[in-house]
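Understanding the architecture of this molecule
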Amino acid sequence: MKRQGIAEALREAIAEEMQRDARVFCIGEDIGVPGGWGGAFTVTLGLEKLFPDRIINTPIAELGFFGVATGAAMMGMRPIADVQYGDFLFLASDQIINNAAKLRYMSGGQIKVPLVMRAPVGATGRGSQHAQNMERTFTGVPGLKVVAPSNAYDAKGLLKAAVRDDNPVMIFEHKLLYGSKGARAEPGAVDATSEIPDADYVVPLDRAAVRREGGRATILAWLLMAHFAMQAAQRLAEEGIEAEVIDVRSLAPLDWATLGASAAKTGRVLIVEEGPRTGGVGAEIAAGLVERLPGLRIARLASPDIPVPFTPELENAYRPDATRIAAAVRRLLAGEPGACR
Amino acid sequence: MTRHDDSEFALGLLERMIRIREFEEGVRFLFLEGSMPGTIHQCQGQEATAVGVCAALRPDDFITATFRGHGQALAKGLSEQQLLDELFGATTGCCKGKGGSMHVGDMSKGMVPGIAIVGGGIPLAAGMALAFRMQKSSQVVACFFGDGAVAEGAFHEGLNMAAIWRLPVVFACENNLYGASTRIDLVMRNPRISDRAAAYGFAGETVDGNDVLAVHAAAQRAVAKCRAGEGPVLLELLTYRRTGHSRRDPCAYQPAAERKEWAACDPIERLAARLKERGAIDEAGIAAMRARIVQQFEAAVARAKAAPRPTPQDLEADVFAPAVAP
């Protein structure tokens, strides 16, 4: 056992998978540069020393290298492609959505695309174009699996499961949760370290995790919001309100069994999402839950339908926080109608 | 290097080009009579590009193609039957009826299902070549695309990455002068597409794409360079599309004089003339070859029309590869 942050745990997971399987390689921007950063958030730092031929640094060409990664995956390699910021996935979307996700189906099952994609998301003082939560854009894409780890244990286990899966898997990582060190440390970072076992393990790609049990209401959240939901639940507990907190973690497919069991138990669900409300993952979760459990009371707490602002006052107002999550649970329990933020 | 005075080899090229032409003409008829579903993008007049390039490849080399891929498929060794079954949407089609005309392919024969997003196959081909490099394989990829793809970002990004990593890709641009209805001079200041290669630091060549022997010779040189680790290579194959862009396009934007000029250098007639001159075949021999091909096509159509149809149970199959024990 050792205590690690997400960046370290991912680095170790990648190294172990590359050691285990010679078909695994990394491809992305600003990786494998001696004296460089190891990707935007240090995840691949130093791996080029261990695997000089399998850390492939690319030109600034997201469409191109996601296509390259897809082509290599089709031919039997197991690439891990990463973007520096999730926002850049829009550049790569044609290759991800039209090729990586569809080639198996449109070939009648001839092709496998064992491709892992990693993308940092979240508002972190970088204005509108290095900040979006991209989960909503990729959860509805047939042929893709999407996960979003909130702690180091999950990050390592999900990455390993993704590498070993024969399908394209998108992993969203949150910039405030990496625990990146040195010059790449993030102001306002949240502790997402975990005790990491020495033995090999995987975390299934299709399971949510119950983080805190409670009977009055269910809070569904992922990434940074899972941490804020836990803080809110702690405050609510001090008021005598026991809320269950579920880290949704697997966004495609959604773990309806775990989400539904909690919703059935509490009858009241708050879905918390960093990112605009309209068309968010929360909308899909809400619809899926009421289809399964008519009569459920559901509310969403999300960011407003605006681009991510820069100035700290507005960025803090943009993103849901523990105070607003707790308030939203109180409103839900009081039977106050309407979406809330 | 294959000797082009080898008549048997050249007759094989002729036979493949006629097979593609008759396939396309037959499929056109099936569409017009209304028995075939979907849409089609045909390649009558461009047969020499597919046949010439694919003849320079090994069976285990790969190609990527576009929405206009029937010719490449036949040239790379897919059977008429598996193509017709796919076009009719039968479960016995090369993609079980889930791909259709724009996505024909068979990985076991070295053809990725057609990538119907313009330029979308270019980075993919570079990645396939990267895999071959990492696997220490001598396989190469021939990546077919049209003149329209040259304006896409994927062209720039894919060619640049193939260049910096010296990947074994033959970029085979079929320049048929039109991207859908738009003539290249409206969208390119420099219409000499092979010039682009120099910008990335590798070799480019413009070839008479209606001369199958010239295409084959250029492709052989390009493939040899790629196998020697001196890739990639860009081949610009000048050719002309005799049909509309897709099934309902009357092609009114192609000037009559231009059509006439290109019709006079039909790739099949040109090779046939050379072979007749050489005494390798005569008019009766060509007619017999064509009749045999048409007969085989008609028999394949009859089987395709009776081929098994998918059921709703097939709808959700093949989205994901099966889970493997981690």
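Throughout what follows, the structure given in this document is the object of discussion.

**Observations concerning the overall build of chain B**
A tally of helices and strands in chain B yields 11 helices and seven strands. For 326 residues, the compact-globule estimate of 2.2 N^0.38 gives 20 Å, and chain B sits close to it at 19 Å. If you line up chain B on its principal axes, its C-alpha atoms span 65 × 50 × 40 Å. Counting over 326 residues, chain B shows a buried share of 52%. Residue pairs in contact within chain B that sit at least 24 positions apart in sequence constitute 75% of those at least 6 positions apart.

**What to know about the overall build of chain A**
What chain A contains, in helices and strands, is 12 helices and 14 strands. By the compact-globule yardstick of 20 Å for 341 residues, chain A fits well, its C-alpha radius of gyration being 20 Å. The C-alpha extent of chain A, read off along each of the three principal axes, is 60 × 50 × 40 Å. Within the span of chain A, comprising 341 residues, buried residues form 60% of the whole. Partitioning the intrachain contacts of chain A with sequence separation of at least 6 by distance along the chain shows that 78% fall at a separation of at least 24.

**Observations concerning the sheet that holds strand 7 (residues 233-238) of chain B**
Residue and element names in this part refer to chain B. With respect to topology, five strands assemble into an open sheet ordered 1-2-3-7-6, the strand pairing being parallel. Only two strands of the sheet have a single partner each, and these edge strands are strand 1 (62-64) and strand 6 (203-208). Here the strands of the sheet are splayed against their neighbours by 20° on average, with no regard to which way each runs. The pairing of strand 2 (residues 141-146) with strand 3 (residues 169-175) spans six bridges and is classified as parallel.

**Details of the sheet that holds strand 3 (residues 55-57) of chain A**
Residue and element names in this part refer to chain A. Taken in spatial order, the seven strands of this open sheet run 3-2-4-5-7-6-12, and their pairing is mixed. With one partner strand each, in any of the chains shown, strand 3 and strand 12 (250-252) form the two edges of the open sheet. With direction set aside, neighbouring strand axes in the sheet form an average angle of 20°. Judged from the six bridges that link them, strand 5 (residues 116-121) and strand 7 (residues 169-174) form a sheet pairing that is parallel.

**Describing the interface of chain B and chain A**
On the side of chain A, 38 residues touch chain B, which itself brings 34 residues to the contact. Contributing elements (two or more residues each) for the side of chain B that touches chain A: helix 5 (121-134) and helix 6 (153-164) of chain B. Residue contributions to the side of chain B that touches chain A peak at 10 residues, all from helix 5 of chain B. Taken together, the residues of the side of chain B that touches chain A sort by class into 22 nonpolar, eight polar and four charged.

**What about the nonpolar core?**
Membership of the largest hydrophobic core comes to 208 residues, with the highest contact counts inside it found for A:Ile219, B:Val170 and B:Leu235. Sort the elements by how many residues they give to this core and helix 5 of chain B lands first, with nine residues. Residue contributions to this core reach at least three from each of two domains, namely domain 1 (2-196) and domain 2 (209-334) of chain A. Beyond its immediate stretch of four places on either side in the chain, B:Leu235 contacts B:Val170, B:Phe171, B:Ala172, B:Cys173, B:Glu205, B:Val207, B:Ala218, B:Ala219 and B:Ala222.

Rules used in this analysis
- Residues numbered from 1 in each chain as written.
- Chains lettered and ligands numbered in written order.
- Predicted model: local features only at pLDDT ≥ 70, side-chain atom pairs only at ≥ 80, totals over all residues.
- Helix = DSSP H or I, 4+ residues; strand = E, 2+ residues; numbered from the N terminus.
- Rg over C-alpha atoms; globule rule 2.2 N^0.38 Å.
- Buried ≥ 20, exposed ≤ 12 C-beta atoms within 10 Å, placed from the backbone.
- Contact = placed C-beta atoms within 7 Å.
- Pairing = 2+ DSSP bridges.
- Axes fitted to C-alpha atoms, helices over the stretch in contact; angles between N-to-C directions.
- Nonpolar A, V, L, I, M, F, W, Y, C, P; charged D, E, K, R; others polar.
- Core = buried A, V, L, I, M, F, W, Y, C linked by C-beta atoms within 7 Å.
- Domains from an automatic or database assignment.

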